[in-house]
Amino acid sequence: MQRLPLGFALPARSLLPTLLALSLLVATSPAAAARRAGTDLAGHIDPFIGTGGHGHTYPGPSLPFGMVQLSPDTRLTGWDGCSGYHHSDTTVYGFSHTHLSGTGVGDYCDILLMPVTGPVPWRSGYPDLADGGYGSRFSKDQEQAAAGYYRTFLGDHGVEVELTATPRTGLHRYVFPAGRPARVVIDLDHRDQLLDVGLTVVDDHTVAGFRRSRGWAPDQMVHFRAAFSRPFTVHGVMAGPEGLDHRTSKMVLDFGDLSPSGGELLVQVALSPVDAEGAAANLTAEWAGFDFAATRAAARQAWTDMLAPFQVEGATDEELTNLATALYHSFLAPNLFSDVDGRYPGMDREIHQAIGRAQYTVFSLWDTYRATHPLFTLVQQERTRDLAATALSHFREGGRLPVWELAGNETDCMIGYHAVSFLADAWLKGLLPRDTFDPDAILKAMRDSATRLHFGLGAYQRQGFITIEDEPESVSKTLEYAYDDFCIARMAADMGRDDLARAFARRSQAWRNLYDPASRCFRPRSNGQWLKPYDPRQVDFHHTEANGWQYRFGAPQHMPQHLALLGGDEQGLAVLDSLFTVSDQTTGRHQPDITGLMGQYAHGNEPSHHVAWLYHFCGRPQRSWERVRAILEQFYTPAPDGLIGNEDCGQMSSWYVLAAYGLYDVAPASQQWLLVPPRHPRMSMTFENGRTFTTRREGEGAIESVTWNGRELESSYLTHEQIMAGGELVFRLGRDMRWGAPFRERPGVALDLPPIAAAPWAEAPGHSFRDSLQVTLHSIDPEAELFWSDSQKHYLGQQPYTGPITVTETTDLHFHSRRGQASSALMTASFHAIPAGWRVTPLTLPSRQYTAGGPASLIDGRRGPDNWRTGSWQGFDGVDFAAELDLGRPTPVTRLGAGFLQDTRSWIFMPRSLAVEVSSDGQEWRPVGTVGHQVPEGEEGIFREDLTLAYDGPPVRFVRFRAQNYGTLPRWHRGAGGQAFIFVDELLIR
């Protein structure tokens with residue numbers, strides 16, 4: 001008999017297969033057993049792929065979509081430490097039970113265990129060998145990982161470590177050396193900031209506790225219960241940080257010398273996001289009887305079943321490894337977030353019950369709506385229903401659909417409201433039955449996301465787009481909101497809600513308001529004009545982890561309409577080609593996510609992921625295949641650095657899976673799968689309905705013809721319904737590229753798009769001028785009429801625009817366009833007359849990212865807003881701000897100064913002081929004085945202050961300003977040791 005926690009006793013082996021089978025939560029159909037006869041892809045999984053480079057994956061065991069991700073922690077800080085592990089590391093700090101797969105922000109690494117021998121030196125903060133901590137060196141040639149399994153050897157402690165998992169537990173096996181005390185460290189004060197902690201000994205085989213922490217998730221709670229195969233004594237404890245009432249956060253358990261009995265120690269650790277009782281119940285339900293081999297085999301079988309629907313012929317071992325591991329990464333997240341009894345913590349911090357389903361967490365939707373969730377609609381349909389139910393529970397319990405949810409916390413990381421994409425896509429594909437899902441409730445939740453006023457949505461709803469004055473990342477947010485609105489329009493139309501369908505179909509055309517015909521890019525708008533200067537290669541705060549090139553095709557929901565603006569098929573083809581063939585050099589700020597460059601196409605980050613497929617819309621699917629094939633071959637390899645960018649919770653790998661099968665939906669909710677030949681000669685996937693989709697290619701060369709179920713295919717896509725019905729898609733290759741000649745039907749959703757009048761823009765040399773300025777008005781709609789006024793902000797009294805407008809004094813121009821019955825929002829462009837003769841000469845140069853358009857921006861009369869990312873402030877990186885103002889002639893003045901901004905979270909500090917000098921001839925200078933500020937340096941938030949000095953003296957012509965940079969960032973700052981910025985706008989003269 002095997003001793004169990006909670007006083008239960010069960011046979012060590014007999015119930016293990018049954019208990020695991022009941023709790024694996026692997027969605028398999030009755031046909032699963034039949035599928036296992038083909039290629040065992042699970043044997044080709046390599047969890048080390050993506051652990052090097054910038055993939056940010058972890059190598060430890062997890063079951064499909066499991067709650068536990070048991071893995072070594074080798075890196076605790078830095079961008080490449082987001083998962084807690086990097087393949088280049090040679091020191092391991094311990095083995096924790098939660099990890100994020102491929103994210104760009106770090107969190108988790110909760111409940112760390114570390115087997116040690118000998119004395120344990122306690123250290124506060126991060127354990128580090130150089131710091132006298134309990135970590136250990138380990139050798140790569142003694143490290144092994146496979147589906148559901150990890151092994152390593154701790155050189156400094158002489159301990160062999162093996163790990164495996166069940167859905168809610170992790171099972172450790174340690175083999176200690178002879179003649180040395182076997183000890184295990186339990187560290188709950190590991191990595192993220194500890195908010196609360198509890199660690200208690202239940203009996204001489206069992207420890208329980210909880211950890212509440214702040215990281216990316218601002219309030220994460222995890223409970224655990226650990227059962228050991230041998231009795232222990234407590235060797236030592238350590239209290240947590242100040243403010244936690246000296247509660248124990250670290251403990252060392254002593255098991256004595258285990259060598260007489262083989263040195264083996266096993267521990268099974270169960271997690272619960274709910275409470276201690278949940279952790280205990282999870283441990284009982286998934287109890288492994290300390291049978292490591294059987295548990296490892298069950299974990300492997302779970303992955304065998306998960307990958308069984310996918311079959312491949314004609315692939316090499318390396319190619320099978322790429323595909324198997326891509327499937328593996330696709331099916332790691334979202335993660336199980338409900339206990340065996342269905343309880344879970346809601347977004348309202350209350351405990352709720354999931355009945356007849358599982359609750360999940362980790363919704364990386366900006367990434368995964370593009371390929372991962374569409375892949376799920378093919379092969380994880382039952383789980384898709386649970387994911388949809390989870391998202392809707394967020395709305396019921398927390399008031400919002402998820403954006404980037406993590407451990408019951410909304411992080412609001414990334415942009416858009418892409419829960420509506422995966423919900424609409426699932427609904428339109430028939431995966432959300434009405435007897436379980438209320439479509440009106442779904443539509444209500446979607447509309448809530450679309451009608452909020454945060455993150456620029458107020459401006460978006462008011463005027464149909466976002467300007468740089470309204471919100472940072474204005475281009476990306478406008479485009480992605482428009483795509484999400486397309487999804488809402490599609491679902492509303494399917495429900496017969498024509499009023500909402502038309503309203504959101506109008507909103508889905510917001511991309512037209514940012515289309516600049518001169519650059520043929522979606523261009524930032526500022527002050528009623530296009531942002532100047534403009535470089536589509538520039539990485540800036542107007543785009544999300546990208547530049548103008550990478551968002552150049554950011555309206556996938558309306559590709560036929562976009563191509564029409566570009567000039568049709570041939571012009572669209574030329575622009576698409578240029579994206580892949582121009583120089584891959586970017587300008588502006590450094591953005592580590594922009595990797596995997598082919599020209600300006602960046603496969604290492606999500607905004608580019610659909611672009612290689614867009615040749616289909618130009619009638620050139622052959623060209624799409626060429627691009628897709630090159631990406632598959634160049635950017636995915638069976639090596640630790642084999643992912644060209646962050647894995648992002650499955651998105652990078654799901655793209656590979658779909659592309660390998662020759663399928664992609666560039667605008668999920670379209671229900672159209674674009675087609676290219678498969679990566680391997682024959683590939684198939686079997687669905688939960690028992691049907692099988694097979695795709696194969698014959699011959700070599702270009703695509704000559706394509707058949708679907710034996711009939712010539714006269715389009716370059718299949719509908720989702722066609723694919724789910726099963727069948728065989730055959731590509732015949734040869735010398736003559738014939739497939740793609742004018743098809744009867746092109747891809748693109750045939751929506752009844754209500755006409756809109758695109759927002760017009762003003763064209764002028766700048767926002768400020770001397771003497772006079774000529775302004776012209778423009779629209780992308782040739783048939784649009786333009787109207788303007790310089791006196792009032794409404795339509796009444798506006799006159800037809802017939803030609804250039806001359807401005808001779810500070811003026812606000814108000815204008816709009818009309819196209820039939822449709823009118824644009826009212827635009828305003830302000831032009832400021834600079835006093836005659838005023839000139840600014842910079843004495844130090846601003847950062848190239850923060851020039852605000854040049855020196856004249858310091859005297860253009862337009863004050864920078866609190867949102868410094870709009871580009872209206874000049875920023876000086878690690879240097880003083882110094883400038884000289886020439887007033888053109890001796891001028892009586894009474895006060896002199898400048899406006900500054902502080903945002904310490906972004907390294908922007910108030911200057912230590914501002915010194916002002918004046919001169920009548922530019923040769924002899926006299927000081928006016930020096931002034932400091934009253935802004936607290938350690939307080940977070942946005943602060944603005946004008947630093948000015950009174951002047952009582954003769955008229956002056958020249959004024960010199962010098963603001964002293966704060967300098968090196970202090971120890972309390974997260975960027976300690978770096979250099980501060982000064983942000984300035986505007987020079988103030990009274």
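This one's a predicted model, so the numbers in the text were calculated from it and none came from an experiment.

## Concerning the overall build of the chain
Stage number 1. The helix and strand inventory of the chain stands at 18 helices and 60 strands.
Stage number 2. The C-alpha atoms of the chain give 31 Å as radius of gyration, which agrees with the globular expectation for 990 residues (30 Å, within 12%).
Stage number 3. With respect to the principal axes defined by its C-alpha atoms, the chain has extents near 95 × 75 × 50 Å.
Stage number 4. Considering only residue pairs separated by 6 or more positions, the chain has 69% of its internal contacts joining residues 24 or more positions apart.
Stage number 5. With an accessible surface of roughly 35,000 Å², the chain has 48% of that area assigned to carbon and sulfur atoms.
Stage number 6. Between the mean site of the 87 positive side-chain charges and the mean site of the 114 negative ones, the chain shows a separation of 2 Å.

## Here we look at unusual backbone geometry
Stage number 1. Residue Pro334 is bonded to the preceding Ala333 through a cis peptide linkage, with omega at 0°.
Stage number 2. With respect to the secondary-structure elements, Pro334 resides in the loop between α5 (317–330) and β20 (335–336).
Stage number 3. Residue Glu986 is reached from Asp985 by a cis peptide bond, and omega for that bond is 20°.
Stage number 4. Looking at where Glu986 falls in the secondary structure, it is placed in strand β60 (residues 981–989).
Stage number 5. For Asp412, which is not a glycine, the phi torsion comes out positive at approximately 55°.
Stage number 6. Tracing the sequence through the fold places Asp412 in the loop between β26 (409–410) and α9 (419–428).
Stage number 7. Even without glycine at this site, Ala852 takes up a positive phi of about 55°.
Stage number 8. The topology assignment puts Ala852 in the loop between β52 (839–842) and β53 (874–877).

## A look at the packing of α5 against helix α17 (residues 651–660)
Stage number 1. Viewed as axis vectors pointing N to C, α5 and α17 meet at an angle of 125°, and their least axial separation amounts to 8 Å. When the axis of α5 is compared with that of α17, the two are oblique. Judged by the twist between their axes, the crossing of α5 over α17 is left-handed. Counting all contacts with α5, which are made through Glu319, Asn322, Leu323, Thr325, Ala326, Leu327, His329 and Ser330, the residues of α17 involved are Ser653, Ser654, Tyr656, Val657 and Ala660.
Stage number 2. Tallied by class, residues from the contact of α5 with α17 come to six nonpolar, six polar and one charged.

## Overview of the pattern of salt bridges
Stage number 1. Applying the stated criterion to the full structure yields 46 salt bridges.
Stage number 2. When the shortest N-O distance is used, the salt bridge between Arg343 and Asp341 registers 2.8 Å.
Stage number 3. The salt bridge involving Glu480 is made with Arg370; its shortest N-O contact spans 3.7 Å. Of this pair, Glu480 sits in helix α12 (residues 474–494) while Arg370 sits in the loop between α6 (365–368) and α7 (372–379); the two residues are 110 residues apart in sequence, bridging distant segments of the chain. Across this residue pair, the class does not change: Glu480 and Arg370 are buried.
Stage number 4. Here the salt bridges share partners, and the residues they tie into one network are Glu313, Arg682, Arg696, Glu698, Glu728 and Arg732.

## Comments concerning the confidence of the model for the chain
Stage number 1. On average, residues of the chain score 92 in pLDDT, and 94% of them are at 70 or above.
Stage number 2. Across residues 1–37, where pLDDT falls below 50, the model places 71 contacts with residues more than four positions away in sequence or in other chains.
Stage number 3. Of the regions scoring below 50 in pLDDT, residues 124–130 engages in 17 contacts with residues more than four places distant in sequence or in other chains.

## Concerning the side chain of Ser608
Stage number 1. Mapped onto the elements of the fold, Ser608 is located in the loop between β34 (601–602) and α16 (621–635).
Stage number 2. Given a relative accessible area of 2%, Ser608 falls into the buried group.
Stage number 3. With residues near it in sequence (within four places) discarded, Ser608 still touches Gln550, Tyr601 and Ala602.

## Overview of the packing of aromatic side chains
Stage number 1. A full pass over the atoms with the stated rule returns 41 aromatic pairs.
Stage number 2. Arranged with centres 6.2 Å apart and planes meeting at 85°, the rings of Tyr174 and Phe176 form a pair that is edge-to-face.
Stage number 3. Plain terms: the ring middles of Trp613 and Tyr664 are 5.4 Å apart, the flat faces sit at 15° to each other, and that makes the pair stacked. Of this pair, Trp613 sits in the loop between β34 and α16 while Tyr664 is found in strand β35 (residues 663–664), placing the two residues 51 residues apart along the sequence.
Stage number 4. The exposure class assigned to Tyr664 is buried, which follows from its relative accessible area of 1%.
Stage number 5. An aromatic cluster is present here, built from Phe65, Phe310, Phe331, Phe376 and Tyr661 joined pairwise through their rings.
Stage number 6. Geometry around Trp530 places Arg525 over its ring, the cationic atom sitting 5.1 Å from the centre.

## Regarding the state of the cysteines
Stage number 1. A complete count under the given rule lists zero disulfides for this structure.
Stage number 2. Here Cys109 stays unpaired: no disulfide links it, and the sulfur of Cys82, its closest cysteine neighbor, is 9.9 Å away.
Stage number 3. In this structure Cys109 comes out as buried when scored by relative accessible area, which is 1%.
Stage number 4. Looking at Cys618, it has no disulfide partner, and the nearest cysteine sulfur is the one in Cys521, 16 Å off.

## Considerations on a nonpolar patch on the surface
Stage number 1. Together, Val201, Val234 and Val237 give the surface a local cluster of nonpolar side chains, amounting to about 210 Å² of exposed area.
Stage number 2. Structurally, Val237 is set in strand β16 (residues 233–239).
Stage number 3. Relative accessible area serves as the criterion here: at 46%, Val237 is assigned to the partly exposed category.

## So, the nonpolar core
Stage number 1. Phe224, Phe228, Trp303, Phe331, Leu378 and Trp655 are the most contacted members of the largest nonpolar core, which has 217 residues in total.
Stage number 2. It is α12 that provides the largest number of residues to this core, a total of 11 residues.
Stage number 3. Residues within four places of Phe224 in sequence aside, it is in contact with Ile111, Ile186, Leu188, Leu199, Val207, Ala208, Gly209, Phe210, Val269, Ala270, Leu271 and Ala279.
Stage number 4. Judged by nonpolar contacts, the second largest core, of 30 residues, contains Val840, Val916, Val931 and Phe961.

## Quick look at the side chain of Ser519
Stage number 1. Here Ser519 shows up in the loop between β27 (515–516) and β28 (521–522).
Stage number 2. At 2.7 Å, the side chain of Ser519 forms a polar contact with the side chain of Asp516.
Stage number 3. If sequence neighbours within four positions are ignored, Ser519 has contacts with Tyr534 and Arg552.

## Section: the environment of Thr91
Stage number 1. For Thr91, the position within the fold is in strand β4 (residues 91–92).
Stage number 2. The class of Thr91 is buried, set by a relative accessible area of 18%.
Stage number 3. A C-alpha to C-alpha distance of 42 Å links Thr91 and Pro911, two positions 820 residues apart in sequence.

## Quick word on the sheet that holds strand β24 (residues 363–364)
Stage number 1. Spatially, β24-β25-β26 is the arrangement adopted by the three strands of the open sheet, whose pairing is antiparallel. At either margin of the open sheet sits one strand with a lone partner, and together these are β24 and β26.
Stage number 2. Pairing of strand β25 (residues 404–406) with β26, which is carried by two bridges, proceeds in the antiparallel orientation. Looking at the pairing, Leu406 lines up with Asn409 of β26.

## A look at α7
Each α-helix turn comprises 3.6 residues. Residues three or four places apart therefore point the same way.
Stage number 1. Among the eight residues in α7, eight count as buried, and that is most of the element.
Stage number 2. Buried residues of α7: Thr372, His373, Pro374, Leu375, Phe376, Thr377, Leu378 and Val379, and no others.

## What about helix α3 (residues 276–285)?
Stage number 1. If you check which residues of α3 are buried, you get Gly278, Ala279, Ala280, Asn282 and Leu283.
Stage number 2. Each element contacted by the buried residues of α3 is listed here: β11 (169–175), β15 (220–228), β18 (264–272) and β21 (343–345).

## Considering the pairing of strand β6 (residues 112–117)
Stage number 1. Where burial is concerned, most of β6 is hidden: six out of the six residues are buried.
Stage number 2. Burial along β6 is two-sided: Leu112, Met114 and Val116 facing one way and Leu113, Pro115 and Thr117 facing the other are all buried.
Stage number 3. Pairing analysis gives six bridges linking β6 to strand β12 (residues 182–187), with the strands arranged antiparallel. In the sheet register, Thr117 faces β12, and the bridge partner there is Ala182.

## Concerning the sheet that holds β60
Stage number 1. In spatial order, the strands read β53-β60-β55-β58; together these four strands make up an open sheet with antiparallel pairing. Where the open sheet ends on each side, the last strands, each with one partner, are β53 and β58 (943–950). Across the sheet, the axes of successive neighbouring strands diverge by a mean angle of 30°, strand direction being ignored.
Stage number 2. Alignment of strand β55 (residues 895–902) against β60, held across five bridges, turns out to be antiparallel. Among the inter-strand pairings, Gly897 is bridged to a residue of β60, identified as Leu988.

About the cut-offs
Residues numbered from 1 in each chain as written. Predicted model: local features only at pLDDT ≥ 70, side-chain atom pairs only at ≥ 80, totals over all residues. Heavy atoms only, no water. Helix = DSSP H or I, 4+ residues; strand = E, 2+ residues; numbered from the N terminus. Rg over C-alpha atoms; globule rule 2.2 N^0.38 Å. Contact = heavy atoms within 4.5 Å. Areas by Shrake-Rupley, 256 points an atom, 1.4 Å probe, with all protein chains shown as cover. Lys, Arg positive; Asp, Glu negative; His and termini not counted. Charge placed at Lys NZ, Arg CZ, Asp CG, Glu CD. Axes fitted to C-alpha atoms, helices over the stretch in contact; angles between N-to-C directions. Parallel < 35°, antiparallel > 145°, perpendicular 65-115°, else oblique. Left-handed = near helix turned anticlockwise from the far one by under 90°. Nonpolar A, V, L, I, M, F, W, Y, C, P; charged D, E, K, R; others polar. Salt bridge = Lys/Arg side-chain N within 4 Å of Asp/Glu carboxyl O. Buried < 20%, exposed > 50% of the residue type's maximum accessible area, 1.4 Å probe, protein only. pLDDT = per-residue confidence, 0-100. Phe/Tyr/Trp six-rings, centres within 6.5 Å; stacked < 30°, edge-to-face > 60°. Lys NZ or Arg CZ within 6 Å of the ring centre and 35° of its normal. Disulfide = S-S within 2.5 Å. Patch = residues over 30% accessible without salt bridge, like charges linked within 9 Å, V, L, I, M, F, W, Y side chains within 5 Å. Core = buried A, V, L, I, M, F, W, Y, C linked by side-chain atoms within 4.5 Å. Polar contact = N/O pair within 3.5 Å; in protein donor to acceptor, adjacent residues only side chain to side chain. Pairing = 2+ DSSP bridges.

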